[in-house]
Amino acid sequence: MTHSERDPMRVFDRRLVRRRRDRAAATVAQVAPVLEAAADGLLDRLDDTTRRFSRALEIGGRGVIAPRLRARGIPFVVSLDLSPRMAALAGGRAVAGDEEWLPFAAGSFDLVVASLSLHWVNDLPGALLQIRRALRPDGLFLASLPGLGTLQELREALASAEGELRDGLSPRVSPFPELRDLAGLLQRAGFALPVADAETLPLRYRNPMALFHDLRAAGETNAVLARDPRVPPRALLPLAASRLPEDAEGIRASLRLLVMTGWAPHESQSRPARPGSATVRLAEALGVEERGAGEATGRPH
């Protein structure tokens, strides 16, 4: 019986994720342009609020998020990562820890930012609940993570190549969440005013090996528990590479970013009106005459 059969909540090998992030701490600077573009798009959303933050937690920012938060004038920033080496890249206060078991007291922060990190979590609903608990009332949570459609070209090329080389397919690209699920997950975790939206970050590579190299440099290689433990056929990557879509600008790779926004509940936040609490009749608000049931309303004044 496999790990995934014993516990269906476990999709990823978290020990392997940590080891790969430890290794990638020495190479992640090679993919800085992608990380920085994703970080800037996420943090631009802070400009949409007049709220000022003083205590921030950033999760899995790979040394990119923390400096940007400090540059925005936030005086207290803590960086958490499953990998101690990756956490240390942020400078300042760094903590090695698990997103599913945050080592912080309730109400420790007024801002939590997770950029391209929560897709390696086995229990995303549980992680969101932990994050909401770590926020002070009226604290803000911002997160981006790869969504369904990310690296779809690579997924299809690998499946086609492996199907030709041997019987059966092994998961070689991580499963990604769907946009339609995220707002509901935020609501279940107790966030107020939950919003989820998507944007696409188009990537181009000179050749397929450059794409494979960047995934490894970022610590984003396969850590699915259900992966085939056998050594992949030597011809797998070359064959898959030959099937990646290519045009005059190079190899296309899609990064579909799902963005989550939610607030820790606070009495000052707007709420839907309680049924029966209206103080103005609908007819009066619309400026029409009110008539009996079944009769047409009068013309607007």
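Presented here is an overview of the structure given in this document.

About the thresholds
- Residues numbered from 1 in each chain as written.
- Predicted model: local features only at pLDDT ≥ 70, side-chain atom pairs only at ≥ 80, totals over all residues.
- Heavy atoms only, no water.
- Core = buried A, V, L, I, M, F, W, Y, C linked by side-chain atoms within 4.5 Å.
- Buried < 20%, exposed > 50% of the residue type's maximum accessible area, 1.4 Å probe, protein only.
- Helix = DSSP H or I, 4+ residues; strand = E, 2+ residues; numbered from the N terminus.
- Contact = heavy atoms within 4.5 Å.
- Phe/Tyr/Trp six-rings, centres within 6.5 Å; stacked < 30°, edge-to-face > 60°.
- Axes fitted to C-alpha atoms, helices over the stretch in contact; angles between N-to-C directions.
- Parallel < 35°, antiparallel > 145°, perpendicular 65-115°, else oblique.
- Left-handed = near helix turned anticlockwise from the far one by under 90°.
- Polar contact = N/O pair within 3.5 Å; in protein donor to acceptor, adjacent residues only side chain to side chain.

## A short note on the nonpolar core
Reasoning step 1: One finds Leu-46, Leu-69, Leu-111, Val-113, Leu-154 and Leu-211 to be the most contacted residues of the largest nonpolar core, which totals 50 residues.
Reasoning step 2: If one sorts the elements of this core by residue count, strand E8 (residues 250-263) sits on top with 6 residues.
Reasoning step 3: Residues in contact with Val-113, not counting those within four places in the same chain, are Leu-42, Leu-43, Leu-57, Glu-58, Ile-59, Ile-65, Leu-69 and Leu-142.
Reasoning step 4: Of all hydrophobic cores here, the second largest spans 28 residues; its members include Phe-104, Ala-134, Leu-135 and Ala-143.

## Describing the packing of aromatic side chains
Reasoning step 1: Under the counting rule described, the total for this entry stands at 3 aromatic pairs.
Reasoning step 2: Consider the rings of Phe-104 and Phe-109, whose centres lie 5.1 Å apart with planes at 85 degrees: the pair is edge-to-face.
Reasoning step 3: Residue classification places Phe-104 among the buried positions, given a relative accessible area of 19%.
Reasoning step 4: Residue classification places Phe-109 among the buried positions, given a relative accessible area of 2%.

## With respect to the packing of helix H6 (residues 124-134) against helix H8 (residues 179-188)
Reasoning step 1: Running from N to C, H6 and H8 cross one another at 50 degrees; their axes reach a closest spacing of 9 Å. Compared by their axis directions, H6 and H8 come out oblique. Here the hand of the crossing between H6 and H8 comes out right-handed. Facing H6, whose interface residues are Leu-124, Pro-125 and Leu-128, H8 presents Leu-182, Leu-185, Leu-186 and Arg-188.

## Focus on helix H9 (residues 208-217)
Reasoning step 1: Burial of H9 is extensive: 7 of the 10 residues sit out of reach of the surface.
Reasoning step 2: Residues Pro-208, Ala-210, Leu-211, Phe-212, Asp-214, Leu-215 and Ala-217 constitute the buried set of H9.
Reasoning step 3: The elements touched by buried residues of H9 are helix H2 (14-24), helix H7 (152-165), strand E6 (192-205), helix H10 (236-242) and E8.
Reasoning step 4: The opening residue of H9 is Asn-207, an N-cap whose side-chain oxygen sits 3.1 Å from the backbone nitrogen of Met-209.

Purely geometric stuff here, so don't read any function into it on its own.
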